[in-house]
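Examination of the molecular architecture
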Amino acid sequence: NPALTQFGDQMSHLTGVRAIMKDIIETLRGGKDRDFINLSAGNPVILPEVENLWRDCTADLMASSEYGEVVCRYGSSQGYEPFIEAVLADFNQRYGLSLTDRNILITPGSQALYFFAANALGGYTTEGNLREIVLPLSPDYTGYGGVSLVPEALRAYRPAIEIGKEPHRFKYRPDFQQLEINQNTGLVLFSRPCNPTGNVLTDEEVRRIAELAAPHNVPVLVDSAYAPPFPALNFTEMTPMFGSNIIHCISLSKAGLPGERLGVALGDAGVIQVLQSFQTNLCIHSSRYGQAIATRAIASGALADISETVIRPHYGNKFTILEETLDAAMPEVPWFLHRGEGSIFAWLWFQDLPISDWELYQALKAHGVIVVPGSPFFPGLRDDWEHTHQCIRMSLTASNDEIVTGLRHLAKVVQAVYQSA
Ligand code: PLP
């Protein structure tokens, strides 16, 4: 093997859930004689209405004179012009904005966008000062663990835990007593709705974070991979927030196009320009085929429509089933389900869990149920906090029967775990 550079070394390790996925794939592959209930998937379900929408858009593109222009040519690194126009028109009209083509960049998936931002704005300055990538509320998206070439730049903050009146429910809140955004901050980043917890930061919380960042000229990237208007995977009211230092980041992956790799950044022209140059150097531009079909789905309103009438209810109903099953099946141990405000996941916390999240994952696997242990969802958190080993993530992508059966197994395993302690 060739000698690796620091960056080479950093980028040749898989981080977070990707590392666990290897174990899960091997388990599923080895389990040919055994039916595992897989509650670990990160891939969205293929919903027939959504697949049909993309098929129709593709047919329309194929039949149009635009086809050659789209697939046989390079384009602008900023993105395909009709797609840019469709997104701007939709957002300006929907949210009363006046964004222009200087405020938008199309990227090959939103993960790429976070990579550009994390490395253009976080890491060492030319003077050698470290500018941090602040994750204001941990846990958050595990993929943030791999976005920086300078791992020490990532800093996450422990949340405040709110236990409401309703039994066995909780919610994370940003802890503004702890959170520091200052001259050493390069950018702030969080998902809303949040993968893995389903949390939605309130408008007020987002505003407060943006206000803390504004005096230091720090961009706040709001990862809106699950937000309205598409895929609209919010089960609670929420409004996308815009502002001079907010970069609103969209992904089409949960709206049925994960394979086409389409992300969008909306915000300050200066920041957009920096990200665009980064992208040009790295990969020139995103796939134009995906942009061309997404233009049709957005301009006609069909994508926003299907998001609200098909995608959101599909996962919302799964969350209800999950909640009802847990309430009925779980033993009297201190379990807490995070409020399901959005996303395609549910997050469970077991207070004083006698074993680690990894051991619980293994015990569940032995009973035929695969979940994701929670600890990889705390990238950048430097405290030794027992809570990080007391949680699991379950996805809402399984069938109703699988969810019910899987959770009944979970209840038995958890009961045995607490009893044996
Ligand atoms: N952000 C969050 C919160 C996600 O859950 C995901 C994917 O699961 C991504 C970003 C990456 O998505 P994309 O396919 O747009 O790169």
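Residues numbered from 1 in each chain as written. Predicted model: local features only at pLDDT ≥ 70, side-chain atom pairs only at ≥ 80, totals over all residues.

**Remarks on the UniProt feature "domain: Aminotransferase class I/classII large" (unreviewed entry) in the protein chain**
- Within this structure's numbering, the places UniProt gives as "domain: Aminotransferase class I/classII large" (unreviewed entry) are residues 65-400.
- Along residues 65-400, the helical share is 32% and the strand share 19%, with 44 Å between the first and last C-alpha atoms. (UniProt positions renumbered as here; feature names shortened; annotations may be inferred. Helix = DSSP H or I, 4+ residues; strand = E, 2+ residues; numbered from the N terminus.)

**Remarks on the domain arrangement of the protein chain**
- The assigned domain composition of the protein chain is domain 1 (6-46 + 305-419) and domain 2 (50-300).
- Between the C-alpha centres of domain 1 and domain 2 the distance comes to 24 Å.
- Contacts between the two partners involve 41 residues from domain 1 and, on the opposite side, 43 residues from domain 2.
- With nine residues, helix α10 (residues 302-329) is the single largest residue contributor to the side of domain 1 that touches domain 2.
- Among the residues forming the side of domain 1 that touches domain 2, the class breakdown is 23 nonpolar, 12 polar and six charged. (Domains from an automatic or database assignment. Contact = placed C-beta atoms within 7 Å. Nonpolar A, V, L, I, M, F, W, Y, C, P; charged D, E, K, R; others polar.)

**Some details on the sheet that holds strand β12 (residues 335-338)**
- Pairing is mixed in the open sheet, where six strands are placed in the order β6-β7-β12-β13-β16-β15. Each of the sheet's edge strands pairs with one partner strand only, and the pair in question is β6 (160-163) and β15 (372-373).
- As defined by bridge partners, β6 adjoins strand β7 (residues 169-173) across four bridges and the pair is classed as antiparallel. Bridge pairing in β7 links I163 to F170.
- The strands touched by helix α11 (residues 357-366) within the sheet are β15 and β16 (391-395), with β16 carrying the most contacts at an inclination of about 45°. (Pairing = 2+ DSSP bridges. Axes fitted to C-alpha atoms, helices over the stretch in contact; angles between N-to-C directions.)

**Things to note about the site of the ligand**
- Taken together, 14 residues are adjacent to the ligand, and G109, S110, Q111, S251 and S253 come closest.
- Broken down by class, the residue content of the shell around the ligand amounts to three nonpolar, 10 polar and one charged. (Near = placed C-beta within 6 Å.)

**Quick notes on the packing of helix α3 (residues 48-63) against helix α9 (residues 288-299)**
- Where α3 contacts α9, the axes come no closer than 9 Å and their chain directions differ by 115°. Between α3 and α9, the angle falls in the class roughly perpendicular. Like other packed secondary-structure pairs, α3 and α9 cross with a definite hand, here right-handed. Contact residues: α3 offers L53, W54, C57, T58, D60 and L61, while α9 offers A292, I293, R296 and A297.
- Here the residues of the contact of α3 with α9 sort into seven nonpolar, one polar and two charged. (Parallel < 35°, antiparallel > 145°, perpendicular 65-115°, else oblique. Left-handed = near helix turned anticlockwise from the far one by under 90°.)

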